[in-house]
Amino acid sequence: MNLAYEIGKRDKVTFKPYLLNQKEEKSKEKTIFNLTTGVPKSKNVESEDKEQNLESYSLEWQHQFISGSNLKLFSSYSRNDEDKDKKIDQYKNATMTFNKNIFENEEKKDTETVLSADYKTLISGAFDIEQLLSMGIKYRHKNRNVDKLVYEISNTGTKKIISIPDDSYTLRESILAVYIMDEFSILEKFIITPGLRVEITDGEYTTSGGRFGKGDFTDWNPSLHALFKFGEGYQLRASTARTIGRPPFKDKVPTRSEKTDRIEEGNSDLKASKSMNYEASIEKYIGNSGFISVGAFYKDVRDIVEKQQIGIDTSTGKSIYKPVNVSEATIKGMELELKLNLYFLGIKDFTFAGNYTVLDSEVKDPNTGVTRSLKDQPKNLANAVLRYNSNKLGLSASLGVNYIGEKIDQTDPAKPKKVEKAYTQWDLSVNKTLFKYASLFGSVTNIFNEKREKTEGLRTEKEESGRTFFIGLRYEI
């Protein structure tokens with residue numbers, strides 16, 4: 001629903017409520033084989049039911065000043081309740097003898113408040129060059145509460161609770177961001193955009209077992225973008241910018257969970273990764289909406305986050321894994337991007353979009369001193385989407401394919417390298433307008449039921465996540 005009200009010629013107020021109730025069922029199967037004999041060693045059959053209730057409300061006011069300047073004020077509140085139940089049937093040995101059931105229930109409650117203000121104005125700078133000056137401030141506050149219970153029932157019927165209080169947690173995180181950006185042209189064809197963004201983060205993370213952590217830091221992120229228009233649809237882009245990559249919330253909470261073969265911990269001392277990015281591309285625009293772009297990039301990253309083995313638990317003898325900030329890393333690559341309207345082939349209402357990226361990375365392992373590729377860094381990525389859109393029929397559809405190249409994990413030189421084989425997934429989505437404001441939509445994820453496969457020495461894992469079907473009715477006012 002989108003409710004907009006214009007107050008005179010210069011003011012517009014927009015209210016957007018959004019309510020969602022969604023139920024999702026998933027199933028997957030993971031089998032571990034002995035590569036030498038090909039005999040299965042174990043199998044997990046996993047099923048998951050998840051229900052999500054989301055409500056969000058946003059209010060926006062835009063004001064156009066007589067001078068041409070624009071002010072936008074925005075506020076929003078959202079609440080997301082998620083209840084997830086998972087069951088794992090575990091089988092062992094070549095005979096696939098039933099071993100035990102593992103049951104997991106997780107209730108997660110998220111609330112988030114956002115307040116922001118953005119202002120744009122035209123000013124006359126040096127040499128009477130017209131400049132578009134943009135500035136703004138944004139505040140975001142997030143609360144999360146997670147209650148988790150895990151227990152197992154053996155093949156003899158014995159019940160055992162295997163979750164601990166540190167599996168449940170609460171977090172509070174606030175982020176205040178301020179930015180300023182200037183845009184001006186030199187000789188009309190050369191556009192330069194310098195900018196600066198400052199982010200102040202304040203977080204607290206507590207488990208039900210009493211483990212506590214804080215995360216407070218300030219980041220200054222300057223940027224400079226340049227665009228040169230050659231004419232006839234050709235243009236050259238170049239940019240340099242400092243950016244940060246925040247670790248997932250779950251990684252920052254000091255949880256401690258014991259798995260079958262390891263112990264996993266969170267790390268409240270995690271810092272956001274900082275990256276100096278350098279990019280350049282040449283683009284050719286075709287018609288009203290088509291284009292082709294070839295570009296290259298280089299990133300110098302500090303404090304990149306990887307999950308690594310940090311030691312051995314003395315009471316259980318199991319390895320302890322924890323997300324940590326590793327040393328400096330470099331990432332470089334090239335990218336080809338294409339978007340075309342297929343009308344020139346005589347195919348009406350169809351467009352094609354595709355992207356292909358080649359990647360390479362290096363990081364000096366803080367534990368071994370060995371230079372290696374980043375953990376789970378694929379060498380190449382690709383995606384392509386064929387879209388159909390007919391206003392006459394009120395029908396739109398898309399068929400997409402995503403390819404992720406082989407991933408290699410060499411973080412532990414004492415063990416065989418872990419290899420995740422290349423993976424290809426096909427997806428389909430359809431939307432049909434029924435009448436004004438109402439439409440029926442649906443999607444199928446992983447149409448051909450592709451399986452993920454990992455190897456580690458003589459050990460191999462195959463994971464079948466199955467297909468996901470989704471159908472719904474959308475009504476807008």
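Above this text sits the structure in question.
Not measured: the values here are computed from a predicted model.

Participant: Quick rundown of the side chain of Ser168? Include the residues and the values.
Facilitator: By the element assignment, Ser168 lies in the loop between β7 (159–161) and β8 (169–186). Within polar-contact distance, the side chain of Ser168 engages the backbone nitrogen of Lys148 at 2.9 Å. Ignoring any residue separated from it by four or fewer positions in sequence, one finds Ser168 in contact with Val146, Asp147, Lys148, Thr207 and Ser208.

Participant: Tell me about the environment of Val363, and name the residues and values.
Facilitator: Here Val363 shows up in strand β19 (residues 350–364). Spatially, the C-alpha atoms of Val363 and Ala329 are 4.4 Å apart, while their sequence positions differ by 34 residues. Once you skip the residues sitting within four places of it in the chain, Val363 turns out to touch Val326, Ser327, Glu328, Ala329, Val370, Thr371, Arg372, Ser373 and Leu374.

Participant: I'd like to hear about a nonpolar patch on the surface, residue by residue, with values.
Facilitator: A surface patch of nonpolar side chains, amounting to about 1000 Å² of accessible area, comprises Phe228, Phe230, Tyr234, Leu236, Ile282, Ile286, Ile292, Val294, Met334, Leu336, Tyr356 and Val358. Contributions of two or more residues to the nonpolar patch are made by β10 (212–231), β11 (234–245), β14 (273–286), β15 (290–302), β18 (329–341) and β19. On the secondary structure map, Tyr356 appears in strand β19. The class for Tyr356 is partly exposed, based on a relative accessible area of 38%.

Participant: Run through the pattern of salt bridges, naming residues and quoting values.
Facilitator: Tallied over the full model, the rule gives 33 salt bridges. When the shortest N-O distance is used, the salt bridge between Lys421 and Glu453 registers 3.3 Å. Highlighted residues: Lys421 in the loop between β24 (418–420) and β25 (423–435) and Glu453 in strand β27 (residues 451–456), separated in sequence by 32 residues. According to the relative accessible area criterion, Lys421 is partly exposed, its value standing at 41%. The network of salt bridges with common partners includes Arg172, Asp202, Glu204, Lys214 and Asp216.

Participant: Could you give an account of the nonpolar core, with specific residues and numbers?
Facilitator: Core analysis: the biggest nonpolar cluster contains 10 residues, these being Phe297, Val301, Ile304, Val324, Val326, Ala329, Ile331, Leu359, Val363 and Leu374. Secondary structure elements with two or more residues in this core: β15, β18 and β19. If you look at the next biggest cluster of nonpolar residues, it comprises six residues, including Tyr169, Leu171, Phe249 and Val253.

Participant: Quick one: what's the story with the pairing of β14, residue by residue and with numbers?
Facilitator: When β11 meets β14, the two strands line up antiparallel, connected through 12 bridges. Directly across from Thr243, in β14, lies its bridge partner Ser275. Inspection of the sheet shows β14 paired to β15 by 13 bridges, in the antiparallel sense. When the bridges of β15 are listed, Tyr285 appears paired with Phe291. Linking two consecutive strands that pair antiparallel, namely β14 and β15, is a turn of three residues; a positive phi of about 65° is found at Gly287 within it.

Basis of the calculations
Residues numbered from 1 in each chain as written. Predicted model: local features only at pLDDT ≥ 70, side-chain atom pairs only at ≥ 80, totals over all residues. Heavy atoms only, no water. Helix = DSSP H or I, 4+ residues; strand = E, 2+ residues; numbered from the N terminus. Polar contact = N/O pair within 3.5 Å; in protein donor to acceptor, adjacent residues only side chain to side chain. Contact = heavy atoms within 4.5 Å. Patch = residues over 30% accessible without salt bridge, like charges linked within 9 Å, V, L, I, M, F, W, Y side chains within 5 Å. Areas by Shrake-Rupley, 256 points an atom, 1.4 Å probe, with all protein chains shown as cover. Salt bridge = Lys/Arg side-chain N within 4 Å of Asp/Glu carboxyl O. Buried < 20%, exposed > 50% of the residue type's maximum accessible area, 1.4 Å probe, protein only. Core = buried A, V, L, I, M, F, W, Y, C linked by side-chain atoms within 4.5 Å. Pairing = 2+ DSSP bridges.

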